[in-house]
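An overview of the molecular structure
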Amino acid sequence: MNWLNKMKWLTAPKTPTLGILRIAYELLVNDRSKFVALLVGIVFAVFLMVQMTSMFSGIMARASATVINIGAKVWVMDPSVNTVANTIPLPDYTLDEVRSIPGVKYAVPLYSGGALLKLRSGAYQAVNIVGLDDSSLVGRPQLVSGNIQDIFAENAFIAIEDSEFRKLENPKIGTDFELNDHRGVIVGIAHVASSGLFGVPTLYTTYNRALQYIPNSRFTISYLLVEPKSPRDVGNIKKEVAAAGYLALSQEEFMQKISNFYMYQTGMGTNMLLMTAISFIVGLSISGQTFYTFILENLEKFGALKAIGAKSHELVMMILFQATFVSILGYGLGVGLCALTIWLAKLNLPDYAAVIIYRNLWLALGMVVIIAGMSSYVGVRKVLKIEPFDIFRG
Amino acid sequence: MPAIAIEASGLTKWFGADETKTIAVRDFSFQANFGEMLFVVGPSGSGKTTLLSMISGILRPNSGTVKIEDVEIWSLSSNDIADFRLRKIGFVFQDYHLFPRLTTAENVAIPLILQGRKWDEAIEEGRKNLEIVGLKNRADLPPVKLSGGEQQRVAIARAIVSRPDIMIFDEPTASLDGDTGRSIVAFVRDSLLNEKRSIILVTHDDRILSFADRTLNMQDGRIVSIQQAKAHEE
C-alpha cells in the first residue's frame, strides 16, 4: 500500500478547499482494509457491469458481422427480416426497381446463405456463403493472399481467415472441397472486420456462382446494396423502397434492427440486463454498506471537525469527495480489469465475443455515479445529523 | 475587576419529551472571566457536558442566553456560530480526536485549514504551536507514535493554534496517569492562561482541582456550590 503514501504529493493542497479535501482523503485511506473493501466493491461491480455489457456488444457486433464487413451504405430487404442471417429472398425485378429510384448511384445484389462443405478430410462443415455482385464485387474482403481477379476463375472461393478459419482445416490457395457435388477451390485468403456469431467459417464467391452452387427458391436476392448519390438522397430512397413494399435501412439502422431483435425478441437481452442489474445491486450493496460503515466509524472525527468549527457544507464536500474519489478509482480499476480479462480470454478463446465500447463505459460510469451518489446520500445524512455534543459525551 | 469572557443566564436544557423528559441543566447562570481558570465538577449525569456544550455554541439551550465577549451566540446563524467557534473557542476533547494519518503538525493546523489558510502556512503555524507545548521534535510523526500525554499536548496545540479567547477542556486528564495529568494541567495554567483568555475545564479528577481559580460544583443540572481557590503560586 505504499502507493497510498506516494499519492500524498498528488493531493498536496494548494488552496484552502484542497486542504479540507486532503483531510477527507486521509480519513478515507486511514483504515486501509476498509478502503480496500470499498474499492473492491466498486471494482467488482464495474467489472461485472462492463463485462456483461461488453459480451452483449461483442455478440451484437458478431450478429451484424456481414453488415459490417460488406459495408454498404444502404441495405434493401424484406420488411420481415430480423437478422442478417435469416434472409427473405427478394424478386429479381426489385433490382431494376431500386436502380430506377432517383438518387441511387448504383445498386447491386448480394447473396448470403448457409451451405454444407465436404472438406478434403471427408468431414462436413457448415459455412456461410457470401455471393458478391459479379460485375462490381461490391463488399469484397481485403485479401491477404491471392488475387481478387481469381474469384472469376472456375469454382473459385475466397476463405476468410477469422476465428473460424481452422474449421476449414486451415486451407491454402488451391485447397479444394465439395459443395453440393460441385468442386470448389480456394483462390484467396482474406480478412474482414468482424467474425460471425454462429461459429461457422465464411466463404466469398460471386453472386452467380453462389446461385449455381446452392439450391435456391424462386427469388434469389438476399439483399440489395445501394450507394446513394449523396447522403441527402437516402431519405428519398427509403421512401421509394417503402412504397414498393420493401425496407431500406442505413448500415447503422440495420445493425440496430438486428440488435433490437436479439435484445427484445430473444431472451438474450433480458438475461444480460438482469446480470447487469444484479452487478449493479451487488456493487451498490457492498460499496454502500462499506461506505456507510466507514462513515459510522469516522463519525466522531466528523463530529470533532464540526465542534472545532467546520461548516455543514464543508463536511458534505468532504463526503462527496471521498465517494467520488473511491468511485472513480474503482471505476478505472474495474474497467482495466475487464479489459485485461477480455484480452486474456481472446488470447485463448478466439471465439470469445466481447468488446468494450464507449456506450458500455458510459453506462458503467453512470451506474458508478449512482452508487457513489446513494452512498454519499446516506453518509451525508448521517454526518449532518451528528451533534458535536456527542463528541463531548464520548 | 476582571473582564467578563462568558456570561450565561438562565440556561435550561432538557432531552426527550413527556415521560422520557430529562432536564439536564436547570436555569443555570454564571460568569467566566478573562484570566480565569474555571473548573466544572460534579458526578456523572450532573449536566457538566451539557453546560459545556451550550456555552461553547455546540448545543442550543431550550432557554437562556450565552454571551461571549458581548456576542449573544445563540442569536447567530448556524454557520456564524461554527465560524465563531472556529475563531474564538479552542476545544480539547477527552479522546483527543486526532487524525491518525495526518502528522502532528498537520493535526494542529486543522483549525487554520478550516479557516481557509494555505496548507503550508497552516502547517508552519502548527509547528510553532507544537514548540509551545514542547513537542517540536514530534511535528512529523503520526499521533499513534506519541504517548497519551503527548497526544493530549498535540490536542492542546490544536486548540490554541487559532489564538482563541476561550478554551474548553473536556476531562483532559481522564486518559492520563496522575503525574502526566497534573503536568498537563499545570502547563495549561502556566503557559496558556493569560488576561486575554478564559479557560473552562470539566473534570472528575480531584487531583487537579488545586489548579482552579474557581470551581463550580454541579448536581442535577444546578450549581450546588462555588469554591474560590486560594491564591496560586506563581
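The structure presented is a predicted model; accordingly, all values stated were derived computationally and were not measured.

What counts and how
- Residues numbered from 1 in each chain as written.
- Chains lettered and ligands numbered in written order.
- Predicted model: local features only at pLDDT ≥ 70, side-chain atom pairs only at ≥ 80, totals over all residues.
- Heavy atoms only, no water.
- Pairing = 2+ DSSP bridges.
- Helix = DSSP H or I, 4+ residues; strand = E, 2+ residues; numbered from the N terminus.
- Axes fitted to C-alpha atoms, helices over the stretch in contact; angles between N-to-C directions.
- Contact = heavy atoms within 4.5 Å.
- pLDDT = per-residue confidence, 0-100.
- Buried < 20%, exposed > 50% of the residue type's maximum accessible area, 1.4 Å probe, protein only.
- Salt bridge = Lys/Arg side-chain N within 4 Å of Asp/Glu carboxyl O.
- Phe/Tyr/Trp six-rings, centres within 6.5 Å; stacked < 30°, edge-to-face > 60°.
- Lys NZ or Arg CZ within 6 Å of the ring centre and 35° of its normal.
- Buried area = accessible area lost by both parts, 1.4 Å probe.
- Polar contact = N/O pair within 3.5 Å; in protein donor to acceptor, adjacent residues only side chain to side chain.

All names here are of chain B. Read across the sheet, 6 strands follow the order E6-E7-E8-E3-E9-E10 without closing on themselves; strand pairing throughout is mixed. The sheet terminates laterally at strand E6 (89–92) and strand E10 (222–228), the two strands that pair on one side only. Here the average twist between neighbouring strands, direction ignored, is 20 degrees. Pairing analysis gives 6 bridges linking strand E9 (residues 214–219) to E10, with the strands arranged antiparallel. Bridge assignment links Gln-219 to a residue of E10, and that residue is Arg-222. Across the face of the sheet, helix H5 (residues 148–160) comes into contact with E6 and strand E7 (166–170) while running at roughly 170 degrees to E6. Contacts between helix H6 (residues 178–192) and the sheet are confined to strand E3 (37–41), E7 and strand E8 (198–203), with E3 contributing the most and set at about 150 degrees to the helix.

On to the confidence of the model for chain B, then. Put simply, chain B has an average pLDDT of 88, and 97% of its residues get 70 or more. What the predictor reports for the complex is a pTM of 0.74 with an ipTM of 0.86.

What follows covers unusual backbone geometry. Residue and element names in this part refer to chain B. One non-glycine residue, Glu-69, adopts positive backbone phi at about 50 degrees. Mapped onto the fold, Glu-69 is located in the loop between strand E4 (63–68) and strand E5 (71–72). Its relative accessible area of 28% is what places Glu-69 among the partly exposed residues. Phi angles above zero are rare outside glycine, and Asp-70 is one such case at about 70 degrees. In this fold, Asp-70 is placed in the loop between E4 and E5. Its relative accessible area of 71% is what places Asp-70 among the exposed residues.

Turning to the environment of Ser-57 of chain A, a few remarks are in order. Residue and element names in this part refer to chain A. Within the secondary structure, Ser-57 sits in helix H4 (residues 32–63). The class of Ser-57 is buried, set by a relative accessible area of 12%. When the C-alpha atoms of Ser-57 and Val-200 are compared, they prove to be 19 Å apart, with 143 residues separating the residues in sequence. Here Ser-57 is in contact with Val-355, Ile-357 and Asn-360, once residues within four sequence places are set aside.

This paragraph deals with the pattern of salt bridges. Scanning the entire structure with this criterion turns up 21 salt bridges over all chains. For Asp-176 of chain A, the salt bridge identified is with Arg-120 of chain A, shortest N-O distance 2.9 Å. Here the residue Asp-176 of chain A occupies a position in strand E6 (residues 176–179), and Arg-120 of chain A occupies one in the loop between strand E2 (104–118) and strand E3 (124–132), the gap between them amounting to 56 residues. Here Asp-176 of chain A falls in the buried class, since its relative accessible area comes to 15%. Its relative accessible area of 64% is what places Arg-120 of chain A among the exposed residues. For the salt bridge of Lys-167 of chain A with Glu-164 of chain A, the shortest nitrogen-to-oxygen distance reads 2.7 Å. You can call Glu-164 of chain A buried: its relative accessible area is 1%. The structure contains a network of salt bridges with shared partners spanning Arg-22 and Glu-26 of chain A together with Arg-101 and Glu-106 of chain B.

Moving on, we come to the packing of aromatic side chains. Under the definition given, this model contains 11 aromatic pairs over all chains. Taken together through their ring pairs, the aromatic side chains of Tyr-25, Phe-321 and Phe-325 of chain A make up a single cluster. Here Lys-21 of chain B stacks its cationic end above the ring of Trp-14 of chain B, 4.1 Å away from the centre of that ring. In this structure, Arg-153 of chain B packs its charged tip against the face of Phe-187 of chain B, placed 5.1 Å from the ring centre.

The partner chain A presents 33 residues to the 34 residues of chain B that form the contact. Taken over both partners, the interface formed by chain B and chain A buries close to 3,000 Å², and the fraction arising from carbon and sulfur atoms is 67%. Summed over the shared surface of chain B and chain A, the result is 3 salt bridges. For Arg-101 of chain B, the salt bridge goes to Glu-26 of chain A, with nearest N and O atoms at 2.9 Å. Seen at the junction of chain B and chain A, the total is 5 residue pairs in polar contact (both at pLDDT 80 or more).

This brings us to the sheet that holds E5 of chain B. Residues and elements named next belong to chain B. Spatially, E2-E1-E4-E5 is the arrangement adopted by the 4 strands of the open sheet, whose pairing is antiparallel. Strands with a single pairing partner mark the edges of an open sheet, and in this sheet they are strand E2 (22–33) and E5. Pairing of strand E1 (residues 4–15) with E2 involves 8 bridges; the strand directions are antiparallel. From the neighbouring strand, Lys-13 faces E2, where its bridge partner is Val-25. Contacts from helix H1 (residues 48–55) reach E1, E2 and E4, with the element oriented near 125 degrees to E1.

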